[in-house]
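Observations on chain architecture
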Amino acid sequence: MQRVARARSCGWYGRMQATEPRNMTRTTPFSSTMSQSEGLPNKILHIKADLFAAPAGAILVHACNTKGSWGGGIALAFRQKYPAAFVKYRDTCKKEGAELLGTCLLIRGEPHDIACLFTSKDYGRRVDAPADILAATRLAVADLLKQNTDPVKELHACRFNSEKFAVPWEETEKVLVELGTDMVVYERP
Ligand SMILES: Nc1ncnc2c1ncn2[C@@H]1O[C@H](COP(=O)(O)OP(=O)(O)OC[C@H]2O[C@H](OP(=O)(O)O)[C@H](O)[C@@H]2O)[C@@H](O)[C@H]1O
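Residues numbered from 1 in each chain as written. Predicted model: local features only at pLDDT ≥ 70, side-chain atom pairs only at ≥ 80, totals over all residues. Heavy atoms only, no water.

**A look at the packing of helix 5 (residues 130–147) against helix 6 (residues 169–178)**
Across the interface, helix 5 lies against helix 6 with an axial gap of 10 Å and an inter-helix angle of 35°. The element helix 5 and its partner helix 6 pack so that their crossing is right-handed. Facing helix 5, whose interface residues are Leu134, Thr137, Arg138 and Val141, helix 6 presents Glu171, Thr172, Val175, Leu176 and Glu178. (Axes fitted to C-alpha atoms, helices over the stretch in contact; angles between N-to-C directions. Helix = DSSP H or I, 4+ residues; strand = E, 2+ residues; numbered from the N terminus. Left-handed = near helix turned anticlockwise from the far one by under 90°. Contact = heavy atoms within 4.5 Å.)

**Examining the site of the ligand**
Neighbouring the ligand are 23 residues, the closest being Asn65, Ile74, Asn161, Glu163 and Lys164. Within the backbone of glycine 72, a nitrogen or oxygen atom sits 3.1 Å from an oxygen atom of the ligand. Contacts to the ligand include asparagine 161, whose backbone N or O atom sits 2.7 Å from an oxygen atom. Its free accessible area being 770 Å², the ligand has 92% of it covered by the protein chains. Judged by the fraction of its atoms near the pocket grid, the ligand is located in the largest pocket. At three residues, helix 3 (residues 73–81) tops the list of elements feeding residues into the shell around the ligand. The residue makeup of the shell around the ligand, split by class, is eleven nonpolar, seven polar and five charged. (Near = heavy atom within 4 Å. Polar contact = N/O pair within 3.5 Å; in protein donor to acceptor, adjacent residues only side chain to side chain. Areas by Shrake-Rupley, 256 points an atom, 1.4 Å probe, with all protein chains shown as cover. 1 Å grid on protein atoms, 1.4 Å probe; cavity = no way out; pocket = protein on both sides within 12 Å on 5 of 7 lines; lining within 4 Å. Sits in = over half its atoms within 2 Å of the grid points. Nonpolar A, V, L, I, M, F, W, Y, C, P; charged D, E, K, R; others polar.)

**Some details on the pairing of strand 2 (residues 44–48)**
Of all the five residues making up strand 2, four are buried; the element is thus mostly covered by neighbouring parts of the structure. When strand 2 meets strand 7 (residues 183–187), the two strands line up parallel, connected through five bridges. Bridging from a neighbouring strand, leucine 45 pairs with valine 184 of strand 7. (Buried < 20%, exposed > 50% of the residue type's maximum accessible area, 1.4 Å probe, protein only. Pairing = 2+ DSSP bridges.)

**Description of the UniProt feature "domain: Macro" (unreviewed entry) in the chain**
Within this structure's numbering, the places UniProt gives as "domain: Macro" (unreviewed entry) are residues 43–176. Split by type, residues 43–176 is 37% helix and 21% strand. Its first and last C-alpha atoms lie 10 Å apart. (UniProt positions renumbered as here; feature names shortened; annotations may be inferred.)

Spelled out as structure tokens, the structure:
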């Protein structure tokens with residue numbers, strides 16, 4: 001209850017209720033779904049913009065493998081823009097490897113924190129099967145929500161899992177809705 005109440009009182013949730021910017025649409029394929037844990041509706045906002053243009057103070061969310069590679073897709077852009085975060089991610093993978101599957105590494109920083117959702121053990125041709133990726137996504141997002149306290153920060157995500165990991169975005173979004181996640185989801189213009 002507290003998490004949603006606080007998110008509502010500030011940030012994009014509050015702004016969204018006042019006026020919605022022109023490039024922001026609330027697509028509501030699951031809008032009637034209520035948060036299972038809190039009995040409140042969650043909000044997934046869709047925005048056509050570059051994820052890295054998210055407001056300062058937000059948590060940027062993306063999917064990662066447990067091998068320590070940010071070698072392609074949006075992960076490569078994270079590596080270039082946030083080299084210190086890449087070192088933390090790579091060192092964590094070296095230490096913990098496949099144990100990380102289904103967890104979230106939340107790397108604090110400026111102007112954004114970065115949430116690394118470990119949704120597949122491997123990548124490339126060895127990427128996990130879609131059903132396994134979705135199961136790991138459920139656990140990893142729950143882990144992120146548990147860590148996102150004091151203060152609760154806005155979650156801004158790319159359509160993670162949907163390209164290199166080849167899981168249709170709608171399936172990942174369904175998991176987010178089932179977990180009652182408030183999130184702004186970016187699609188490149
Ligand atoms: N600036 C931007 N703003 C907003 N959206 C942007 C964007 N740039 C790209 N997108 C979109 O972001 C979504 C995710 O697409 P991605 O293919 O990147 O990630 P994924 O989650 O499917 O897979 C993870 C693995 O990809 C990596 O590469 P490696 O395996 O290391 O080679 C990792 O390390 C993992 O292993 C797609 O909708 C892209 O259009």
